[in-house]
Amino acid sequence: MSRTTHIISPTWIAPVLPRDTLLTGHSLVISGDRIEVLLPRDEAVTQFPDSSETRLDQHLLTPGFVNCHGHAAMTLLRGVADDREMMDWLTNWIWPIEGQLVNEQFVYDGTRLAALEMIMGGTTCAADTYFFPEAAARAFSDMHFRAQVGMPVLQFDNAWAHGEEDHIHKGLAFRDRIRNQPLLTTAFAPHAPYSVTDSGFERVRLYSEQLDTPIHLHLHETATEVSDSIRDHGLRPIARMQKLGILSASLQAVHMTQLREDEIVQLASNGVQVVHCPESNMKLASGTCPIAQLLEAGVNVAIGTDGAASNNDLDMIQEARSASMLSKIESGDATRLSANQCLEMMTLGGAKFLGLSDEIGSLEPGKQADLCAVDLSGPTFQPMFNPVSQLIYTATARDVSTVWIAGRQLLSRGQLVEPDSQSIVKAATNWKKQIEGIVSHE
Ligand SMILES: [Zn+2]
């Protein structure tokens, strides 16, 4: 029996592969959850006469964006402690609030709000790390959103687990439970070098190798992290990770500021992948990740927003723009990180980072139909010389119009198809009073 097909006909398509390609007057045909073919519109209509069609005039169709680092539930803490130095922000504000409030419902409500924001901004896949991963997985599933859900590991007690052993035990049980969910994958997520012991890292490495599961780790986020590590371990965090066997192709390294040239070579030769979170790094004054040099050394670099508590949004278009601007100023070279390179990093680069590049990241026949259409009809986009350039340097998440994940349309002309977005927002804003109660006592 043939699957239902649907024709999508935007004005432009940027498929990401082949590189630097822009198709005009073409259609993309979906069959079930996958991309069937891309071809000129008149041929598509002739070849698939029984298909329904979505016409998207003055829209650019791209692969859905892949947000490679975040803490979805922390959208509930958006704006609660702005303009603070990173360790003050974390230890005196975020951790105390989390210590008193975080439970399954908090994570479910916060994650649904984040998924809503990401879908409305064209993001179709995210890497997430937070306590109560089963609640986050349920929220992503209910939203039909693709995600890598982290199994957090910390030496500190929290509402979800007590000590590293308990974290690993609960993480593995969670991994077993969601194994058959097609839109979800998992990764070990040791929090950071300063919050996980050597033996914790050794256990994570062992399980990662046995289960062929990636390790998602905040690494070299700040200069203080590096100097504290030298004080406590006699080694920079990267050297300590190398010693513990963590520096491998399984490592998804988050942030990566304060990098020396020899460390960039070390990352490249070990096949480590990096996710760059420029806005979180700027807001917390953490430092800059030298992505131009990393890319030159052959390291795959993806883009992430980090949690909304340190950004304060989950807008991947603006994040890519910030990455481009920061790379230009950091390298003193305005030709660095072009609009096309940004689009590749936020789609195919992200897909590679998550080990999903056979399934998503570009618009090619056979891949999953994870799609984002951006409306470029407004006056701010005129005159139209280059749609990809307008996407990266002019658009924001609010210009995203229509989104599909695995062939299912989730956003139509800026409106969530289902479920009702108001109920998601209401459940999330109900947490405000409780958060304010804690903050007022700090
Ligand atoms: Zn983070």
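Here, every reference points to the structure presented above.
Only a predicted model underlies this, so the values are computations on that prediction, with no experimental measurement involved.

Q: Run through the pairing of strand E14 (residues 371–375), naming residues and quoting values.
A: It is a general feature of regular strands that their side chains alternate between the two faces of the sheet. For E14, the buried fraction is high: five of the five residues fall into the buried class. With burial as the criterion, each face of E14 is covered, one bearing Leu371, Ala373 and Asp375 and the other bearing Cys372 and Val374. Here five bridges tie strand E5 (residues 52–63) to E14, and the two strands are oriented antiparallel to one another. Paired with His59 across the bridge in E14 is Asp375. With four bridges joining them, E14 and strand E15 (residues 400–405) adopt antiparallel strand pairing.

Q: Can you lay out helix H6 (residues 198–211) for me, pointing to particular residues and giving the numbers?
A: Compared with the 20 Å implied by 1.5 Å per residue over 14 residues, the 20 Å span of H6 between its first and last C-alpha is a close match. Every buried residue belonging to H6 is among Gly200, Phe201, Val204, Arg205 and Ser208, and all of these are buried. Here the buried residues of H6 occupy an arc of 135° about the axis, which is enough to place them on one side. Along H6, the residues that are exposed and aim more than 90 degrees away from the buried face are Ser199, Leu206 and Gln210. Looking at the buried side of H6, the elements it contacts are strand E8 (146–153), helix H5 (163–177), strand E9 (184–190) and strand E10 (215–219). Just beyond H6, the residue with positive phi is Asp212, at close to 50°.

Q: So what about the environment of His216? Which residues, and what values?
A: Residue position: His216 is located in strand E10. Residues His216 and Ser250 lie 34 residues apart in sequence; the distance between their C-alpha atoms is 8.5 Å. Filtering out sequence-adjacent residues up to four positions away, His216 remains in contact with Ala127, Thr129, Gly150, Ala187, Phe188, Ala189, Gln252 and Val254.

Reading the values: rules and limits
- Residues numbered from 1 in each chain as written.
- Predicted model: local features only at pLDDT ≥ 70, side-chain atom pairs only at ≥ 80, totals over all residues.
- Buried ≥ 20, exposed ≤ 12 C-beta atoms within 10 Å, placed from the backbone.
- Helix = DSSP H or I, 4+ residues; strand = E, 2+ residues; numbered from the N terminus.
- Pairing = 2+ DSSP bridges.
- Expected span 1.5 Å × (residues − 1).
- Arc of directions from axis to C-beta.
- Contact = placed C-beta atoms within 7 Å.

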